Amino acid sequence: MRTLFSRALGLVLGLAVMMAAQAAEPGKLPHVVILATGGTIAGSGATTTTTVGYTAATVGVQSLIQAVPEMQKVARVTGEQVFQIASENMSNAHWLTLGKRVNALLAQSDVDGIVITHGTDTLEETAYFLNLVVKSRKPVVVVGSMRPSTAISADGPINLYNAVILAGSQEAIGKGVLVCLNDQISGARDVTKSNTSTADTFRNPDLGMLGYMQGNRAYFYKTSTRKHTLDTEFDISKLDSLPQVDIVYSYANVNATALNALVAAGAKGIVHAGVGDGSLPNPVKDGLLKARKSGVLVVRSSRVGSGIIARNGEANDDELDFVASDTLNPQKARILLMLALTRTSDSKAIQQMFWTY
Ligand code: DGL
């Protein structure tokens, strides 16, 4: 009995020494930089059962790192606090700052991957923007959480741990910007927040996620068919602003008041969140045609949330000179149209971009 116990003890001690030795060899671990922007993953509530009504963006990046010491066994982790905001306040200016910082870090040979901690409300938008402007094949993983760090069963620590593993993995190289929550790996192009409060909120309507995180490693089963990162024509390095593009939401009995105000305020592009397959209620159709004739680019998307918005389907785009958004939802169509307008104002060239990215 004693021999069996002493053997078991020796085995445990040996494993601990091996892990400590591995952890002590930072040269063997990937260097992952965490860029913190705020959100619920950095949020705190008054009690451990506060899962709504908490304050987002209160916990700093070093505290996030210290809260998950297990990360040190899988990567050499460093952190920067880029912003500290709730993501409903994310802006084009924030995106340009973040995108330039990501590109600068990934150009460093001693950086293997990047994790961006972010609020979930606009997480899909930031991820898609980066998917179009990051100029590296190195992994970039955007992560958030649906419960604040102070809550029972907070999902932030495990999401952050998984994101760091993914960002340091060989499997994630060349896959485009990824979103990793709830043990799932999604591509930036197709993922969207589908529920206001549950941990499984990030879904990929119809098109599906790319893989899983399980047992400290990434499992991929699919890759995106659309161009991203190094394969895009977009370059933000010399940009200090993005063209103004707004979204108009349609519904029964809609009028053109909001649309006309946005055009009058100087919008260079309008994305229409149409009903059904991007259908145009007459008052909005007339307003969009007038806007197009004044030089505003118009993209037809849909409020429906999945499916293809087909060119010349519910509207004669050839005749109206509009662009169909393919499967991009309105908030992502806006991002692609903004970046497209930094390259061209040719509607046919922009339509090709919506079929490419
Ligand atoms: N204010 C929201 C945000 O920062 C909280 C939601 C979250 O991060 O999960 O996106």
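To be clear, the structure that these remarks concern was listed above.
Q: Describe the site of the ligand, with residues and values.
A: Taken together, the residues surrounding the ligand are G39, T40, Y54, A86, S87, E88, G119, T120, D121 and S145. One nitrogen or oxygen atom from the side chain of T40 is found 2.8 Å from an oxygen atom belonging to the ligand. In this structure, T120 approaches the ligand through a side-chain N or O atom, which is 2.5 Å from an oxygen atom. For the ligand, whose unbound accessible area comes to 280 Å², protein coverage reaches 90%. For the shell around the ligand, the residue count by class is two nonpolar, six polar and two charged.

Q: Can you explain the pairing of strand β5 (residues 178–181)? Please cite residues and give values.
A: Where burial is concerned, the two faces of β5 agree: the one with L178 and C180 and the one with V179 and L181 are both buried. With two bridges joining them, strand β4 (residues 140–143) and β5 adopt parallel strand pairing. Bridge pairing links V142 to V179 in β5. In this view, the connection linking β4 to its parallel neighbour β5 by way of helix α5 (residues 156–167) has left-handed handedness. As defined by bridge partners, β5 adjoins strand β6 (residues 184–187) across four bridges and the pair is classed as antiparallel. What sits directly across from V179, in β6, is S186. Taken together, β5 and the strand that follows it, β6, pair antiparallel across an intervening segment of two residues, in which N182 is found at a positive phi of about 55°.

Definitions and cut-offs
Residues numbered from 1 in each chain as written. Predicted model: local features only at pLDDT ≥ 70, side-chain atom pairs only at ≥ 80, totals over all residues. Heavy atoms only, no water. Near = heavy atom within 4 Å. Polar contact = N/O pair within 3.5 Å; in protein donor to acceptor, adjacent residues only side chain to side chain. Areas by Shrake-Rupley, 256 points an atom, 1.4 Å probe, with all protein chains shown as cover. Nonpolar A, V, L, I, M, F, W, Y, C, P; charged D, E, K, R; others polar. Buried < 20%, exposed > 50% of the residue type's maximum accessible area, 1.4 Å probe, protein only. Helix = DSSP H or I, 4+ residues; strand = E, 2+ residues; numbered from the N terminus. Pairing = 2+ DSSP bridges. Right-handed = clockwise from strand over helix to strand, strands pointing away.

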